[in-house]
Amino acid sequence: MTDRFDASAAAPGSPVSGAPAGPTAADAAGARDVHAFIAGLPKAELHVHHVGSASPRIVAELAARHPDSKVPTDPEALADYFTFTDFAHFIDVYLSVVDLIRTPEDVRLLTYEVARDLARQQVRYAELTITPYSSTRRGIDELAFMDAIEDARKAAEAEFGTVLRWCFDIPGEAGLEAAEETTRLATDDRIRPEGLVSFGLGGPEIGVPRPQFKPYFDRAIAAGLRSVPHAGETTGPQTVWDALTHLRAERIGHGTSSAQDEKLLAHLAEHRIPLEVCPTSNIATRAVRTLDEHPIKEFVRAGVLVTINSDDPPMFGTDLDNEYAVAARLLDLDERGLAALAKNAVDASFLDEAGKTRIRADIDAYTTDRLAP
Ligand SMILES: [Zn+2]
């Protein structure tokens, strides 16, 4: 969600920065190999937002359906429109995409096309974070909304082989009314979609204490949903503790500031609570100053289960493949290390055991095949 950003703290330029200067020819060849390996690697994506995944191609299609919007429909103009400049710009883009999602058919198109983009990156399984409140408060019928995402989910699995599951998240900045509405949509058996597996909390952390959401998480957990709040992205480690204690988090969205608290790192490692790390997003939002200063190394060193994710990829000028490339550089990973990282996401997912076994086997088969002499 956009509102967690402080637009005045805009960081101009590409969010992908911090590469060492003066790569040698061997480095370049190695990087090419790693990129090619990543492109074919079967993957799971656990932290990616629905509207935040709308690529210029998808936005062009939506804009063509609503000619009265100010969003360009020409793909080249859109590519410019999407080029990351600063947060004010990011928020403009995000809100203009929200404004294009007006009907259940728009919701279906967005969801199905996001799955196509994931499938192209060999994402076999994705938990897509959806904020249903944004659509229902804009007048989209709730049952039609659920039908639209479910229809897209089934089509994507049949046609692309990508399994989608949903995380419904509370937009924290919208207050307790939004929390109540999101909880109702996520727990009422007559409304909640079959693909729903988890319950989240996004939006700003500053001024939005986690403990107030406890009653809503209690109801979602009682209804069988898993708890995956954002925490410790723009505030300190206490927010992560709050997410663990009050919201019974089973995974943490970002959790970046956990690195400041050795006890917390030990707790996350001991209880196998994974972090959903989104490196480029952390730079774009200034949660971390540069990629080289990203605490991912500390997480791994402390034995925390780290997963790599993309958050709002087209809007941050990234995609999941690029996030794996960033992680490979920061953690100095070869192909086997990348395969292990991909398996972390499978392990940390809420997919059933049979599904997990299948993707792990795909990762092993791919890696063995690629590394064969
Ligand atoms: Zn997020």
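Residues numbered from 1 in each chain as written. Predicted model: local features only at pLDDT ≥ 70, side-chain atom pairs only at ≥ 80, totals over all residues. Heavy atoms only, no water.

Student: Can you lay out the overall build of the chain for me, pointing to particular residues and giving the numbers?
Tutor: Tallying secondary structure elements over the chain gives 16 helices and nine strands in all. For a compact globule of 373 residues, the expected C-alpha radius of gyration is about 21 Å, and the chain comes in at 19 Å, within 12% of that figure. For the chain, the spread of C-alpha atoms along the principal axes amounts to about 55 × 50 × 45 Å. When contacts within the chain are restricted to residue pairs at least 6 apart in sequence, long-range pairs at least 24 apart make up 74% of them. For the chain, the distance from the average position of its 38 positive side-chain charges to the average position of its 59 negative side-chain charges is 3 Å. (Helix = DSSP H or I, 4+ residues; strand = E, 2+ residues; numbered from the N terminus. Rg over C-alpha atoms; globule rule 2.2 N^0.38 Å. Contact = heavy atoms within 4.5 Å. Lys, Arg positive; Asp, Glu negative; His and termini not counted. Charge placed at Lys NZ, Arg CZ, Asp CG, Glu CD.)

Student: An account of the pattern of salt bridges is needed here, citing residue identities and associated values.
Tutor: According to the stated counting rule, one finds 28 salt bridges in the structure shown. A salt bridge links R108 to D151; the shortest N-O distance between them is 2.5 Å. Remark: D151 occurs in helix α7 (residues 142-160) and R108 occurs in helix α5 (residues 104-120); sequence separation between them is 43 residues. In the salt-bridge network here, residues are joined through shared partners; they are R57, E61, E113, R116, D117 and R120. (Salt bridge = Lys/Arg side-chain N within 4 Å of Asp/Glu carboxyl O.)

Student: Outline the sheet that holds strand β4 (residues 196-202), supporting the account with residue identities and numerical values.
Tutor: One open sheet holds the five strands; their spatial order is β1-β2-β3-β4-β5, and the pairing between them is parallel. Each having just a single partner strand, β1 (43-49) and β5 (226-227) make up the two edges of the open sheet. Two elements, β4 and β5, share two bridges in a ladder whose sense is parallel. Opposite S198, over in β5, you have R226 as the bridge partner. Helix α9 (residues 214-222) rests against β3 (163-171), β4 and β5 of the sheet, and its axis sits at about 170° to β4. Across the sheet, helix α14 (residues 320-331) touches β1 and β2 (123-130), and the angle it forms with β1 is around 110°. (Pairing = 2+ DSSP bridges. Axes fitted to C-alpha atoms, helices over the stretch in contact; angles between N-to-C directions.)

Student: Lay out α5 in plain terms, naming residues and giving numbers.
Tutor: Spanning 17 residues, α5 covers 25 Å between terminal C-alpha atoms, matching the ideal 24 Å at 1.5 Å per step. The element α5 is largely enclosed, with a buried count of twelve among its 17 residues. By the burial criterion, the buried members of α5 are D106, V107, L109, L110, T111, Y112, E113, V114, A115, D117, L118 and A119. Downstream of α5 by a residue or two, Q122 has a phi angle that is positive, lying close to 60°. (Expected span 1.5 Å × (residues − 1). Buried < 20%, exposed > 50% of the residue type's maximum accessible area, 1.4 Å probe, protein only.)

Student: Kindly report on the coordination of the zinc ion, identifying the contributing residues and their values.
Tutor: Around the zinc ion, the protein supplies H47 (NE2), H49 (NE2), H230 (NE2) and D311 (OD) as donor atoms, at distances of 2.1 to 2.3 Å. Seen from the zinc ion, its four donor atoms lie at angles of 86 to 172°, and the figure they make is irregular. Taken in chain order, the donor set of the zinc ion reads H-x1-H-x180-H-x80-D. Here the residue H230 occupies a position in strand β6 (residues 230-231), and D311 occupies one in the loop between β9 (306-308) and α14, the gap between them amounting to 81 residues. This pair shows no difference in class: H230 is buried, exactly as D311 is. (Donors = N, O, S within 2.8 Å, 3.2 Å for Na, K, Ca; no water. Tetrahedral: all angles 85-135°; square planar, octahedral: opposite > 155°, others 65-115°.)

Student: Account for the sheet that holds strand β7 (residues 252-254), with residues named and values stated.
Tutor: The strand order across the open sheet formed by four strands is β6-β7-β8-β9, and the pairing between neighbours is parallel. Only two strands of the sheet have a single neighbouring strand rather than two, namely β6 and β9. Strand direction decides the pairing type here: β7 and strand β8 (residues 275-277), joined by two bridges, are parallel. Across the sheet, I252 pairs through a bridge with L275, a residue of β8.

Student: Break down the nonpolar core for me, citing the residues and quoting the values.
Tutor: Taken as a class, soluble globular proteins show a tendency for nonpolar side chains to be buried jointly. Ranked by internal contacts, the top residues of the largest apolar core, which has 110 residues, are F213, I252 and Y324. At eight residues, the largest contribution of residues to this core is made by α14. (Core = buried A, V, L, I, M, F, W, Y, C linked by side-chain atoms within 4.5 Å.)

Student: Describe the environment of P229, listing the residues and the values that go with them.
Tutor: Note that P229 resides in the loop between β5 and β6. Sequence spacing of P229 and G172 is 57 residues, and the spatial spacing of their C-alpha atoms is 10 Å.

Student: Report on helix α16 (residues 353-371), specifying residues and quantitative values.
Tutor: Taking 1.5 Å of rise per residue, 19 residues should cover 27 Å, and α16 covers 27 Å from first to last C-alpha, within 8% of that figure. Those residues of α16 lying buried are G355, K356, I359, I363, Y366 and T367. Looking straight down α16, one finds its buried side chains confined to an arc of 105°; they lie on one side. Away from the buried face of α16 by more than 90 degrees, exposed residues E353, A354, R358, T368 and D369 are located. (Arc of directions from axis to C-beta.)

Student: Before we move on, can you summarise the packing of aromatic side chains with the specific residues and values?
Tutor: Taken as a whole, this structure holds three aromatic pairs when the rule is applied. Ring plane angle 40° and centroid distance 5.1 Å describe the contact between Y112 and F160, whose orientation is recorded as tilted. One end of the pair, Y112, is in helix α5; the other, F160, is in helix α7, with 48 residues separating them in the sequence. For F160, a relative accessible area of 24% gives the class partly exposed. (Phe/Tyr/Trp six-rings, centres within 6.5 Å; stacked < 30°, edge-to-face > 60°.)

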